[in-house]
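Listed below, chain by chain, are the residues.
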Amino acid sequence: MTQPKLSNSKLFRQACYIGGEWVGAQSGETLDVDNPANGDILGQVPNCNAQDAARAIAEADKGFQVWRKKTANERSECLYRWYQLMLDNTEDLGKLMTLEQGKPLAESKGEVQYAASFIKWFAEEARRSYGETIPGAKPDQHIVVTRQPIGVSVAITPWNFPAAMITRKAGAALAAGCSMIVKPAEATPYTALALAHLSAEAGIPAGVLNVITGKPRPIGEAFTSSPVVRKLSFTGSTVVGGKLMAQCAEHIQKVSLELGGNAPFIVFDDADLDKAVEGAMASKFRNTGQTCVCANRFLVQDSVHDAFVEKLTAAMKKLKVGDGFEEGVNQSALINRAAVEKVTQHYEDAMSKGAQRVYGPVPEGKKGNYVEPLLLTDVTPDMQLCHEETFGPLAGIIRFKTEEEAIRIANDTPYGLAAYYYSQNIHRVWRVADGLDSGIIGVNEGAVSNATAPFGGMKASGLGREGSRHGMEEYEEIKYLCMGGE
Ligand code: SIN
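All values reported here derive from a predicted model rather than from experimental measurement.

## Looking at the overall build of the chain
No. 1: The helix and strand inventory of the chain stands at 14 helices and 22 strands.
No. 2: Projected onto its principal axes, the C-alpha positions of the chain cover 75 × 65 × 40 Å.
No. 3: The buried share among the 486 residues of the chain stands at 57%.
No. 4: Long-range pairs, those at least 24 residues apart, make up 73% of the contacts in the chain with a sequence separation of at least 6.
No. 5: For the chain, the computed accessible surface area is about 19200 Å², with 52% contributed by carbon and sulfur atoms.
No. 6: On the chain, the mean spot of the 50 positive side-chain charges and the mean spot of the 58 negative ones are 3 Å from each other.

## Thoughts on the site of the ligand
No. 1: Near the ligand there are 13 residues, and of these Y114, E258, R286, C292 and S449 occur at the shortest range.
No. 2: For the ligand, an oxygen atom lies 2.7 Å from a polar atom in the side chain of Y114.
No. 3: C292 places a main-chain nitrogen or oxygen 2.7 Å from an oxygen atom of the ligand.
No. 4: Summarising the interface, the protein chains cover 100% of the accessible area of the ligand, which totals 260 Å² for the free molecule.
No. 5: Residue composition of the shell around the ligand, grouped by class: 6 nonpolar, 4 polar and 3 charged.

## A short note on the state of the cysteines
No. 1: Counted under the stated rule, the structure contains 0 disulfides.
No. 2: Left unpaired, C16 is separated from the closest cysteine sulfur, that of C48, by 3.5 Å.
No. 3: By relative accessible area, which is 0% here, C16 ends up buried.
No. 4: Note on C78: no disulfide assigned, nearest cysteine sulfur contributed by C178 at a separation of 15 Å.

## Topic: the environment of V182
No. 1: Relative to the helices and strands, V182 is located in strand β8 (residues 180–183).
No. 2: Separated by 169 residues in the primary sequence, V182 and M351 have C-alpha atoms spaced 41 Å apart.

## Some points on the sheet that holds strand β5 (residues 132–135)
No. 1: Across the sheet, 3 strands lie side by side as β5-β6-β22; this open sheet has antiparallel pairing. Across the chains shown, the open sheet's two edge strands, defined by having one partner strand only, are β5 and β22 (476–483). Averaged over neighbouring strand pairs, the angle between their axes works out to 25° when direction is ignored.
No. 2: Two strands pair when backbone bridges link them, and strand β6 (residues 142–149) and β22 are joined in this way by 8 bridges, in the antiparallel orientation. Within the sheet, the bridge partner assigned to V145 lies in β22 and is Y480.

## Considering the pairing of strand β12 (residues 263–267)
No. 1: Of all 5 residues making up β12, 5 are buried, and the element is well covered by its neighbours.
No. 2: Judged by which residues are buried, β12 turns out to be covered on both faces: A263, F265 and V267 on one side and P264 and I266 on the other are all buried.
No. 3: Following the chain from β12 across helix α9 (residues 273–285) to the adjacent parallel strand β13 (residues 295–301), one finds a crossover that is right-handed.
No. 4: Across 3 bridges, β12 lies against strand β18 (residues 418–422) in parallel orientation. Of the residues in β18, the one forming a bridge with V267 is Y422.

## Focus: the environment of G203
No. 1: Following the sequence through the fold, G203 ends up in the loop between α6 (189–201) and β9 (209–211).
No. 2: Residues G203 and R75, spaced 128 residues apart in sequence, show a C-alpha to C-alpha distance of 9.8 Å.
No. 3: If sequence neighbours within four positions are ignored, G203 has contacts with C78 and R81.

## Observations regarding the pairing of strand β7 (residues 152–156)
No. 1: Across the 5 residues that make up β7, a large majority, 5, are buried.
No. 2: Residues V152, V154 and I156 point to one face of β7 and S153 and A155 to the other, with burial holding for every one of them.
No. 3: Pairing between β7 and strand β10 (residues 229–235): 5 bridges, direction parallel. If you follow I156 over to β10, its bridge partner there is F234.
No. 4: Examined bridge by bridge, β7 and β8 share 4 bridges and lie parallel to one another. The residue of β8 that forms the bridge with V154 is I181.
No. 5: The β-α-β motif built from β7, the intervening helix α5 (residues 164–176) and the parallel element β8 has right-handed crossover chirality.

## Quick word on helix α13 (residues 426–435)
No. 1: Among all positions in α13, only R428, V429 and V432 are buried. Buried residues of α13 fall within an arc of 105° about the axis and therefore sit on the same side. The exposed set on the far side of α13, more than 90 degrees from its buried face, consists of I426, H427, W430 and D434.
No. 2: Structurally, α13 contributes buried residues whose contacts are with β13, α12 (403–411), β18 and β19 (440–443).
No. 3: Backbone nitrogen of H427 and a side-chain oxygen of the N-cap are separated by 2.8 Å at the start of α13; the cap is N425.

## Quick look at unusual backbone geometry
No. 1: Of note, I252 is a non-glycine position whose phi angle comes to about 50°, a positive value.
No. 2: By secondary structure assignment, the location of I252 is in the loop between α8 (238–248) and β11 (254–258).
No. 3: We classify I252 as exposed; its relative accessible area is 67%.
No. 4: Positioned with a positive phi, K459 is a non-glycine residue whose angle comes to about 50°.

## Description of the sheet that holds β12
No. 1: With respect to topology, 7 strands assemble into an open sheet ordered β14-β15-β16-β13-β12-β18-β19, the strand pairing being mixed. Only two strands of the sheet have a single neighbouring strand rather than two, namely β14 (356–359) and β19. With strand direction ignored, the average angle separating the axes of adjacent strands in the sheet is 25°.
No. 2: For β14 and strand β15 (residues 374–377), the ladder comprises 3 bridges, and the chain directions are antiparallel. Bridge pairing in β15 places Q356 opposite T377.
No. 3: Relative to β13, α12 is tilted by about 170°, and along the sheet it contacts β12, β13 and β16 (394–400).
No. 4: Packed onto the sheet, α13 meets β13, β18 and β19 and runs at close to 165° relative to β18.

Criteria and cut-off values
Residues numbered from 1 in each chain as written. Predicted model: local features only at pLDDT ≥ 70, side-chain atom pairs only at ≥ 80, totals over all residues. Heavy atoms only, no water. Helix = DSSP H or I, 4+ residues; strand = E, 2+ residues; numbered from the N terminus. Buried < 20%, exposed > 50% of the residue type's maximum accessible area, 1.4 Å probe, protein only. Contact = heavy atoms within 4.5 Å. Areas by Shrake-Rupley, 256 points an atom, 1.4 Å probe, with all protein chains shown as cover. Lys, Arg positive; Asp, Glu negative; His and termini not counted. Charge placed at Lys NZ, Arg CZ, Asp CG, Glu CD. Near = heavy atom within 4 Å. Polar contact = N/O pair within 3.5 Å; in protein donor to acceptor, adjacent residues only side chain to side chain. Nonpolar A, V, L, I, M, F, W, Y, C, P; charged D, E, K, R; others polar. Disulfide = S-S within 2.5 Å. Pairing = 2+ DSSP bridges. Axes fitted to C-alpha atoms, helices over the stretch in contact; angles between N-to-C directions. Right-handed = clockwise from strand over helix to strand, strands pointing away. Arc of directions from axis to C-beta.

Any link to function would need more than the numbers given here.
Here it is as structure tokens:
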């Protein structure tokens, strides 16, 4: 067992944070947490069940009664202190994240800043939960619209961004006046528990932010079968998101779902190719290809195809694969064996249908969940990698002839999260923006995620938005007062 060496050892918590207390599972059961880079066991966290979840819901309800009565300014100040503490502990939080998730240390520290930026954003938005007045329907009537927190909220979060996927939900919930229970992925509970520790230091009252660890199914079922829970936010697969949404129907719980993607990255013949390659690298290889907004399919126009492939290959040669703690490494181990097998499967399927391997070795089953970056050309839309999220460092290029063809191929997917394209023709820029069915569009930009923008998808990619002022609306109820005359 390799325990992390941190400057602030209190950040390494191996218990759940419920109602302001650090507690184990009532059954005493635990789950091992490992380092995906070498399989070392880092420690154990409680494997909570439905009874533990029920306790967390009761505590979150008490927390809600306290928190909803605070002024917007008081909530904002607590959030601001939490944000500051995250920044102050960037080094330790980054180490914990690299240990449990694998991502390169520089990227982990970058994620801490990204995660903290949501708390800062929502600390500011907390003060701006404005209502409205509307002219009455009768001469002596006034209509006043107010917003109130929806109530106890729950978040089920993924392993790919162990901090940011929590803060963009919890920041919005707490700013709106809700309490929240976070159920982090089994692979990455330590970052979540460290954030809970910092929330307590920031003065966020007991029960307002809770973290419960364990297998997702019993906890998810406890969340969705409780009428006390008024809101569920989930980031993960479309299949699981759909099941949770069906479960939420019983008590008409509000849902936000950030689900799978299949992002097209289109390079038109009038693109600045160097910029396009820069964007492609940022989009495809961030987090070693393990993001929902990663470019999953490259579509490159005929006349610039070869030049783009050459430039992208040159850029990919600079990628360095290894343990996230090693200097200069920017591509880490994937999260687990299943992730390696999926990339390998997409590679083999594409090769069996006529793709050409331009760069990267044939994937092999090395210890440590590593896959070297791969570039394929002659990719066609019937290949698996064009239909399913690869979630790994495999880039496949489809050649196209016309703008209409590119838009048709780009939209030929049940998903609609992110899409990217590069063009310097302003008319084309607007036409393509209108034509793409995606919630997030990078126009001559490969890095689209930030706290100020509404993140979320269309079609099977989900419901609702996170970040921006829209993120907070997901945790609010609108109430209108119809003020009659005498
Ligand atoms: C995700 O992969 O779910 C989120 C990525 C991001 O926030 O950029």
